[in-house]
Amino acid sequence: MKKLIQLYTDSYRGLSTEAWLLATVMLINRTGSMVIPFLSMYMSSALHFTKPQVGIVLGCFGLGSVCGSWLGGWLTDRFGNFKVQACSLLLTVPIFLILPQFTSFESLAGMIFLLTLIAETFRPANSVAVARYAKPENLTKAYSLNRMAINLGFSIGPALGGFLAGFSYDWIFYGNALAAVLAAIVFVVFFRKRKPRRDIKPLLKSDKKLTAADRNAYLDPPFIVFNIFCCLFSMAFFQLLSTLPLFYKEAKMMSESAVGLLLGFSGFCIVIFEMLLVHTVEHRFTPRQVMIFGTAVAGLAYFMLNAPFGVAWLYLSMFILSIGEMLTLPFTATISAARATLNTQGAYMGFNSLSFAAANIFSPYLGTYVAEHYGYESLWMGTALIMLFTSLGFSWILKKI
């Protein structure tokens, strides 16, 4: 036990104060993560949308994510990560508040696009902030700490969202708005006058030019291929937020609160184990080895869903999926940051975020289409096979990066 405690202590050692503050902001913001996990159930149960309609609306969520990720990277390189993060948090608040008023298929699709367009500008700006404030030797740890905060919030948010949805789905939108307000206040108070450890001036057309060493992220062939495999990974992995809640409700007959607890369990596992796991593997294995194994493990978790067992099996599958996530996602950000220069961090982080966001355009519709026409068993088998193919893809491309 003493050795385990020491290992946990070592996992957090060396992280900067700013890294902890950024994680605090992320925790508050993600504690309000109530809308997305329940959006598919909300549209199916409360608005009576068909599965293809649910998939299309969630596809608009993905399209907004793509545009927001690109826009966030572009804005960050020109105006700095502070302004982009603050504006993103504040502008999402009124949208969350009025979202319950849009109940038709067309209007909700448009509002979901607008919401995610604004909300996703936060992600590349936040990734750049982590890179600027973290000590270079602790960059992966800093990203893992940020993800730990995301997942702690995600473990609280769905559980709270499931409770609120028992009264009215409207309350999950109001809860998200409140969390965004609190996150914006804390962020502005802590970072308004704080100087980064590694800083550059924003790129302005009049006084700042890229150097020969600054590769264009969107014209960097190995990085493009890497992001394609990241996109495939997220197409499979983020069934977690679209078809998996529907599967729990329709195939396993679980209530909203039970679904919320099971989804929250994923975040809880990551909070407890990710920093320890990353600390254990990052100096023993290469990022390539870790990502190959992590992607394959995530595929196994989806394959397990076809077994005809009860709730305990579903929790085991979620635990294994969480391990795959912990072994894959932190290293995608590390690789992207290492590939970039100071002048192009926003573009590289934005491109990597875009690869994950792009999957959300196609993933929900494809997932709901396969579930509707071929059944959940075919969906989980296909998802597992995509994960296996992606694992082999990471094995190949990471030799070149």
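Residues numbered from 1 in each chain as written. Predicted model: local features only at pLDDT ≥ 70, side-chain atom pairs only at ≥ 80, totals over all residues. Heavy atoms only, no water.

S.K.: Is there a simple way to think about the overall build of the protein chain in this case?
M.R.: Check the secondary structure of the protein chain and you find 16 helices and zero strands. The globule rule puts the C-alpha radius of gyration for 401 residues at 21 Å, and the 20 Å found for the protein chain is close to it. Its C-alpha atoms give the protein chain principal-axis dimensions of about 55 × 45 × 45 Å. The buried share among the 401 residues of the protein chain stands at 57%. Here the analysis covers contacts within the protein chain between residues at least 6 apart in sequence; of these, 86% occur between residues at least 24 apart. As displayed, the protein chain offers around 16,800 Å² of accessible surface, 69% of which is attributable to carbon and sulfur atoms. If you average the places of the 30 positive and of the 18 negative side-chain charges in the protein chain, the two averages end up 10 Å apart. (Helix = DSSP H or I, 4+ residues; strand = E, 2+ residues; numbered from the N terminus. Rg over C-alpha atoms; globule rule 2.2 N^0.38 Å. Buried < 20%, exposed > 50% of the residue type's maximum accessible area, 1.4 Å probe, protein only. Contact = heavy atoms within 4.5 Å. Areas by Shrake-Rupley, 256 points an atom, 1.4 Å probe, with all protein chains shown as cover. Lys, Arg positive; Asp, Glu negative; His and termini not counted. Charge placed at Lys NZ, Arg CZ, Asp CG, Glu CD.)

S.K.: Where do I start with helix H4 (residues 51-79) in this structure?
M.R.: Two residues of an α-helix separated by three or four positions point the same way, owing to the 3.6 residues in each turn. Taking 1.5 Å of rise per residue, the 29 residues of H4 would be expected to cover 42 Å, and the 41 Å separating its terminal C-alpha atoms lies within 8% of that figure. Among the residues trailing H4, Gly80 stands out with phi positive, at a value near 90 degrees. (Expected span 1.5 Å × (residues − 1).)

S.K.: Can you walk me through the packing of helix H12 (residues 256-281) against helix H14 (residues 311-339) in this structure?
M.R.: Any two packed helices are characterised by how steeply their axes cross, that is the angle between the axes, and by the distance between the axes. Packing of H12 against H14 leaves a shortest axis separation of 8 Å and a crossing angle of 45 degrees. With respect to H14, the axis of H12 lies oblique. The handedness of the crossing between H12 and H14 is right-handed. Across from Leu261, Leu262, Leu263, Phe265, Ser266, Cys269, Ile270, Phe273, Glu274, Leu277, Val278 and Val281 in H12, the residues of H14 making contact are Leu314, Tyr315, Met318, Phe319, Ser322, Glu325, Met326, Leu327, Pro330 and Phe331. (Axes fitted to C-alpha atoms, helices over the stretch in contact; angles between N-to-C directions. Parallel < 35°, antiparallel > 145°, perpendicular 65-115°, else oblique. Left-handed = near helix turned anticlockwise from the far one by under 90°.)

S.K.: Any chance you could explain the packing of aromatic side chains here in plain terms?
M.R.: What describes a pair of aromatic rings is the distance from one ring centre to the other and the angle between the planes of the rings. Taken as a whole and assessed by the stated rule, the structure comprises 27 aromatic pairs. When the centroid spacing of 6.1 Å and the interplanar angle of 85 degrees are considered together, the rings of Phe49 and Phe105 count as edge-to-face. With a gap of 56 residues between them, Phe49 in the loop between helix H3 (35-46) and H4 and Phe105 in helix H6 (residues 105-119) connect regions that are remote in the sequence. Assigned by exposure class, Phe49 and Phe105 land together as buried. Of the aromatic side chains, those joined through ring pairs into one cluster are Tyr218, Phe223, Phe226, Phe229, Tyr348, Phe351, Phe389 and Phe394. (Phe/Tyr/Trp six-rings, centres within 6.5 Å; stacked < 30°, edge-to-face > 60°.)

S.K.: Just checking my understanding: could you explain the pattern of salt bridges for this structure?
M.R.: Counting across every chain of the model gives six salt bridges. A salt bridge links Asp220 to Arg339; the nearest nitrogen and oxygen atoms lie 2.8 Å apart. Of this pair, Asp220 sits in the loop between helix H9 (170-191) and helix H10 (221-237) while Arg339 is found in helix H14, placing the two residues 119 residues apart along the sequence. In terms of burial, Asp220 and Arg339 fall into one category: buried. (Salt bridge = Lys/Arg side-chain N within 4 Å of Asp/Glu carboxyl O.)

S.K.: Hey, could you run me through the packing of H10 against helix H16 (residues 376-397) in this one?
M.R.: Axis separation between H10 and H16 bottoms out at 9 Å; the angle between their running directions is 160 degrees. By the angle between their directions, the pair H10 and H16 is classed as roughly antiparallel. Relative to H16, H10 is oriented so that their crossing is left-handed. Within the contact between the two elements, H10 uses Pro222, Val225, Phe226, Phe229, Cys230, Leu232, Phe233, Ala236 and Phe237 and H16 uses Thr383, Ile386, Met387, Phe389, Thr390, Gly393, Phe394, Trp396 and Ile397. Among the residues forming the contact of H10 with H16, the class breakdown is 15 nonpolar, three polar and no charged. (Nonpolar A, V, L, I, M, F, W, Y, C, P; charged D, E, K, R; others polar.)

S.K.: Is there a simple way to think about the state of the cysteines in this case?
M.R.: In protein structure, a disulfide is the covalent linkage between the sulfur atoms of two cysteines. The tally for this structure, following the rule as stated, stands at zero disulfides. Of all cysteine sulfurs, the one in Cys67 lies closest to Cys60, which takes part in no disulfide; the gap is 11 Å. Cys231 forms no disulfide, and the closest cysteine sulfur to it belongs to Cys230, at a distance of 8.8 Å. (Disulfide = S-S within 2.5 Å.)

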